[in-house]
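# Understanding the architecture of this molecule
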Amino acid sequence: REKIYNNHDRHPKLIQEQDPDKEKKGAGMMYERMGMEDLMTAVKTHGKERTGKECYDFEKQGLSKPFYLAEVVKSISNHTKTMYTDIFTVQIQCIPKTEDSTAEIYGMIKDLQEALTEEITLPEPWELILQTENGIQSMKTEDTKEQKPVVQYEFMVCYGFTCKQ
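Residue positions are given per chain, counted from 1 along the sequence in the order it is written. Whole-chain, interface and lining totals are the exception, using all residues; otherwise, since this is a predicted model, local features are given only for residues with pLDDT of at least 70 and side-chain atom pairs are given and counted only at 80 or more. The side-chain quantities take in all heavy atoms of the structure and omit both hydrogens and water.

### Quick notes on the environment of Thr98
To keep it simple, the criterion reads: Helix and strand assignments follow DSSP, with helices taken as H or I runs no shorter than four residues and strands as E runs no shorter than two, numbered in order from the N terminus. Per-residue accessibility, obtained with a 1.4 Å probe over protein chains only, is compared with the maximum for each type, and a residue is labelled buried under 20%, exposed over 50%, and partly exposed between these values.
With respect to the helices and strands, the residue Thr98 is situated in the loop between strand E5 (83-95) and helix H3 (102-115). Overall, the relative accessible area of 33% leaves Thr98 in the partly exposed class. Separated by 49 residues in sequence, Thr98 and Gln147 place their C-alpha atoms 9.7 Å apart.

The structure is reproduced here in structure tokens:
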């Protein structure tokens, strides 16, 4: 028999026990994976609390500058023998108040990098295993000649353990 555990406060919680006979009949197992919405909520909340600037996951007209714009650009499964994990790649774009101030742009990058030296807090039952900065990916220049740096992060999230009996 194989048991699947969800990590909850560092204590495993059984979410489903798999019966080998059922597996032969085609019955599958269901895992509670973290959705992108939960990750983005954690990233936006952390960013705002630590930098003092709003962090959005969409851009629309009329948003008060400066702010950060975060988006998930990639998500992959990265399971090990004992853990079920997903790796989310998030790009955070710095939107400065003025178009001609590199000092403001570099300040926003520094504030963001400092804020994310501290781990984000995920809702239960998920646990953050690894949070890595991949550096500045690009300095996007819009038609308006406005520079918008993009800083990339990876978040590895555990959503269950496998234990064989």
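### Some points on H3
Selection rule: Helices are assigned an expected span. That span is 1.5 Å times one less than the residue count. Taken from the helix axis, the directions to the C-beta atoms give the arc we talk about.
In a regular helix each residue adds 1.5 Å, so 14 residues correspond to 20 Å; H3 covers 20 Å between its end C-alpha atoms and thus fits that length. Within the span of H3, buried status applies to Glu104, Ile105, Met108, Ile109, Leu112 and Ala115. With its buried residues spanning 140° around the axis, H3 presents them on a single face.

### Details of the pairing of E5
The condition that has to hold: For two strands to be treated as a pair, DSSP must find at least two bridges joining them.
The element E5 is largely enclosed, with a buried count of 13 among its 13 residues. The side-chain alternation of E5 yields two buried faces, one formed by Met83, Thr85, Ile87, Thr89, Gln91, Gln93 and Ile95 and the other by Tyr84, Asp86, Phe88, Val90, Ile92 and Cys94. Where strand E4 (residues 67-77) meets E5, 10 bridges bridge the pair, whose relative direction is antiparallel. Residue pairing across strands places Ser75 opposite Phe88, the latter belonging to E5. Both E5 and strand E7 (residues 147-164) contribute to a ladder of 11 bridges, which runs antiparallel. Bridging from a neighbouring strand, Tyr84 pairs with Gly160 of E7.

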